[in-house]
Amino acid sequence: MEEPIRRPHLLADVQHSVAGRELREGGTGPLGEAQREVLGQAILSLSHRAHWVGRRDRDYELRREIQETPPTREAHTLLANLLRDPENFARHLHRFSGASMLETLYGHSVTDDDDEYLKLIDKANDTIASSSAPGAALVDFLPFLQYTPAWLPGAGWKRKVLEARDALTEASTRCYALAEAQAHAGKPSIIGSIIGECSDKGILASEEHEIMQLGSVTYSAGTDTTKSVLHSFILAMVLHPEVYAKAQQEMDTVIGRERLPTLEHRDSLPYIECVLKETYRWICPVCLSIPHASCEDDEYNGYFIPKGTAIIPNLWLMLRDPEVYSEPELFRPERFWALSAEEFERTDPRNIVFGHGRRICPGRRFADASVWLAIAGMVATFDIQKARDALGKEITPRVLYESGFTSAPAPFKCAIQPRSKQAVELIGRTL
Ligand code: HEM
């Protein structure tokens, strides 16, 4: 008889999917409280320039090297890949998010799309995606099903999870060894710095497994989500050329055509900021956040919620609330333009898309900065338009999304072309 799924080592106030708990044994699923704290300290805020002003010390340089250099370099690689092979833009977005994460987390620089670590961890990630989408498995709602043996008909979710667990164990073990080796070679990374810290405290042996899990959870939490925002951005720009033209106009006025935008320029490009916010809002990257559970009996709007009730926040619906966002179906960045401080805070989709409360996404600032870098680079150097069919007629993509934990647009065609010869040279100079 097969062993039942072990009880989670989680605090009682958080309940993720049963499948997610099972996966955790193999290196993913929700983070434990101690892991969260370590990660929260390691992933430091990066998005706001003011945060760094006057802090050009050694610590600053190290954080910058770990958190800012990989997405900046990968944003440049993304532009080069779009120039070389625009039709496969979705693949390049994937490489952008995966490679930025691999370097930030493990200190490994990806040099081509066939990178063995990228493939290894992506394979594990894909298996998780199909096995742990909240709500996708009946087991989340009928927990007794977790005791069914994997071979029984109908226990497909369990077979998938066990498969994912094996793939994850291999990926997290090898990536851990990679971060260790890179740290010895002087290449800093988040996991490398955590290994160093635990080693200094003499607790590495007991923490090793936790650190491996931390790495794989973070990688899987950060890649598809980041890619999804960029994918939705391209779809929105194909459908709304007037928005893209306005963003390009702002870019040209503020930055000019002779340099690429950097994070230092972010505050001076307010319209592009509105476009990014509207992209988050329009297609929420994680529609149903990770399931939580109430830690006390509670009451909300007259409903009694007993302690331990599973709660799945519907982030998508919050971002379509017509009382906050008028005509929510429309893609309209102007809704975020020239707001009062109160409106700015109340309507910012970043207060929703990254979750809420204690479990809020610890990578949110890193993600927001990475996505901005990629978007601003595209606006500066490419035209994004509708593709044409064999008869020269424009193809208008439909807004269709595939099911899964993150919202990925269904494949669509578009025409991505450099804006000018100057843009081509600019991209060439970054390599
Ligand atoms: C635009 C991209 C991203 C979006 C939309 C996003 C969204 C989310 C959401 C909704 C959650 C669940 C929060 C909750 O339970 O309330 C989450 C959790 C998490 N995110 Fe992100 N995320 C993104 C990128 C990233 C990145 C780049 C990283 C790592 C650098 C990351 C690391 C994590 C981790 C580790 C968790 C689990 C935290 C826990 O279990 O307590 N995320 N994210």
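Residues numbered from 1 in each chain as written. Predicted model: local features only at pLDDT ≥ 70, side-chain atom pairs only at ≥ 80, totals over all residues.

A closer look at the overall build of the protein chain
A tally of helices and strands in the protein chain yields 16 helices and 8 strands. Residue pairs at least 24 apart in sequence account for 72% of intrachain contacts in the protein chain once pairs closer than 6 positions are excluded. (Helix = DSSP H or I, 4+ residues; strand = E, 2+ residues; numbered from the N terminus. Contact = placed C-beta atoms within 7 Å.)

Topic: the site of the ligand
The environment of the ligand is formed by 28 residues, the closest being A221, G222, G355, C361 and G363. Mapped onto the shell around the ligand, the elements with two or more residues apiece are α2 (33-42), α9 (204-239) and α15 (364-381). In terms of residue count, α9 provides more of the shell around the ligand than any other element does, 7 residues in total. Along the lines of polarity and charge, the residues of the shell around the ligand split into 18 nonpolar, 8 polar and 2 charged. (Near = placed C-beta within 6 Å. Nonpolar A, V, L, I, M, F, W, Y, C, P; charged D, E, K, R; others polar.)

Regarding helix α4 (residues 69-84)
If you check α4, its first and last C-alpha atoms are 23 Å apart, about what 16 residues at 1.5 Å a residue would give, namely 22 Å. Three or more residues of α4 are buried, namely P70, P71, T72, E74, A75, L78, L79, N81 and L82. Among the structural elements, α5 (89-106), α15, β5 (382-385), β8 (415-418) and α16 (421-430) are those in contact with the buried residues of α4. (Expected span 1.5 Å × (residues − 1). Buried ≥ 20, exposed ≤ 12 C-beta atoms within 10 Å, placed from the backbone.)

A word on the pairing of β5
Burial along β5 is one-sided: the residues F382 and I384 are buried and none of D383 and Q385 is. As paired elements, β5 and β8 share 4 bridges and run antiparallel to each other. Each bridged residue has a counterpart across the sheet, and for I384 the counterpart in β8 is I416. (Pairing = 2+ DSSP bridges.)

Overview of the nonpolar core
The biggest cluster of nonpolar side chains holds 88 residues, and the ones touching the most others in it are I191, I272, A374 and I375. In terms of residues, this core owes the most to one element, α9, which gives 14 residues. (Core = buried A, V, L, I, M, F, W, Y, C linked by C-beta atoms within 7 Å.)

As for the environment of E68
When you line up the elements, E68 lands in the loop between α3 (58-67) and α4. Using a count of 19 C-beta atoms within 10 Å as the deciding quantity, one classes E68 as partly exposed. For the pair E68 and S370, spaced 302 residues apart in sequence, the C-alpha separation works out to 8.2 Å.

Remarks on unusual backbone geometry
For N301, which is not glycine, the phi torsion reads 50° and is therefore positive. Mapped onto the fold, N301 is located in the loop between β2 (298-300) and β3 (303-305). One non-glycine residue, A338, lies in positive phi territory at about 50°. By the C-beta count within 10 Å, which is 9 here, A338 ends up exposed.

Observations concerning the packing of α9 against helix α11 (residues 270-282)
Two measures define how a pair of helices packs: the angle their axes make with one another and the distance between the axes. At a closest axis distance of 9 Å, the pairing of α9 and α11 adopts a crossing angle of 105°. Taken together, α9 and α11 sit at an angle that is classed as roughly perpendicular. Listed contacts from α11 to V229, S232, F233 and A236 of α9 are T279, Y280 and W282. The residue inventory of the contact of α9 with α11, partitioned by class, reads 5 nonpolar, 2 polar and no charged. (Axes fitted to C-alpha atoms, helices over the stretch in contact; angles between N-to-C directions. Parallel < 35°, antiparallel > 145°, perpendicular 65-115°, else oblique.)

Overview of the environment of V275
You can see V275 is positioned in helix α11. Taking the C-beta count within 10 Å as the criterion, V275 has 26 such neighbours and is therefore assigned buried. Linking V275 and R335, residues 60 residues apart in sequence, is a C-alpha distance of 9.7 Å. Contacts of V275, omitting those with residues within four sequence positions, involve V243, A247 and P333.

Things to note about the confidence of the model for the protein chain
In the predicted model, the protein chain carries a mean pLDDT of 83, and 77% of its residues have values of at least 70. Here residues 1-20 is modelled with pLDDT under 50, and outside its nearest four sequence neighbours on either side it reaches 49 contacts, counting other chains as well. The low-confidence segment residues 44-56 (pLDDT under 50) makes 18 contacts with residues lying over four places distant or belonging to another chain. (pLDDT = per-residue confidence, 0-100.)

Details of the environment of R91
On the secondary structure map, R91 appears in helix α5. Sequence spacing of R91 and K227 is 136 residues, and the spatial spacing of their C-alpha atoms is 9.5 Å.

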